Amino acid sequence: ADGNDLIFPTMADRVRLKHIAANPNGAAAIGGNPSQGEGYLVKGTLHIEEDDQSLRHGLIHRYITDEKQAQEFTTMVDQLPCVLVRLTPARIVRVR
């Protein structure tokens, strides 16, 4: 998350990016699976942005705590053509 926005990395050649360019309205579900209980559906406007390696590296090191594994994964991911999809929320709905 960045302020109120949610940020998702994705590959630059994904079809979803064409859909976002044609219609920037979208949503993301967080939780809400039967095993997880309640969750949220975040609806809003999607924006495509250039990749921010420092953000990606921070996320990798946050969730991969083994330094060697984090560095190996970072090296691999840095070779991929990535962009960021930013979701600016307009409405958040609780789901069960």
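Predicted, not measured: the structure shown is a model, and the values here were computed from it. (Residues numbered from 1 in each chain as written. Predicted model: local features only at pLDDT ≥ 70, side-chain atom pairs only at ≥ 80, totals over all residues. Heavy atoms only, no water.)

(A) Focus on the overall build of the protein chain. Helices and strands together make up the secondary structure of the protein chain, namely 3 helices and 4 strands. What you see in the protein chain, going N to C, is helices and strands ordered as β-α-β-β-α-α-β. The C-alpha extent of the protein chain, read off along each of the three principal axes, is 40 × 35 × 25 Å. Across the 96 residues that make up the protein chain, the buried fraction comes to 26%. For the protein chain, the exposed surface amounts to about 6,800 Å²; the carbon and sulfur share of it is 52%. Mean positive and mean negative side-chain charge positions of the protein chain (11 and 12 charges, respectively) differ by 11 Å. (Helix = DSSP H or I, 4+ residues; strand = E, 2+ residues; numbered from the N terminus. Buried < 20%, exposed > 50% of the residue type's maximum accessible area, 1.4 Å probe, protein only. Areas by Shrake-Rupley, 256 points an atom, 1.4 Å probe, with all protein chains shown as cover. Lys, Arg positive; Asp, Glu negative; His and termini not counted. Charge placed at Lys NZ, Arg CZ, Asp CG, Glu CD.)

(B) Examining the sheet that holds strand 1 (residues 6–11) more closely. Here we have 4 strands laid out as an open sheet, ordered 1-4-3-2, and antiparallel in their pairing. Each edge of the open sheet carries a strand with a single partner, namely strand 1 and strand 2 (25–31). Neighbouring strand axes in the sheet, compared pairwise and without regard to direction, differ in orientation by 40° on average. The sheet strands contacting helix 1 (residues 15–22) are strand 1, strand 3 (39–50) and strand 4 (82–95), and the helix crosses strand 3 at an angle near 95°. (Pairing = 2+ DSSP bridges. Axes fitted to C-alpha atoms, helices over the stretch in contact; angles between N-to-C directions. Contact = heavy atoms within 4.5 Å.)

(C) Quick peek at the environment of lysine 68. Along the polypeptide, lysine 68 turns up in helix 3 (residues 67–77). Accessibility expressed as a relative area gives 61% for lysine 68, which makes it exposed. On a C-alpha basis, the gap between lysine 68 and arginine 86 in space is 29 Å, while along the polypeptide they are 18 residues apart.

(D) Spatial organisation of helix 3. Within the sequence span of helix 3, burial applies to Ala70, Thr74 and Val77. For helix 3, the arc enclosing every buried residue in end-on projection is 70°, short of the 170-degree limit, so these residues lie on one face. Residues of helix 3 that are buried sit in contact with helix 2 (53–63). (Arc of directions from axis to C-beta.)

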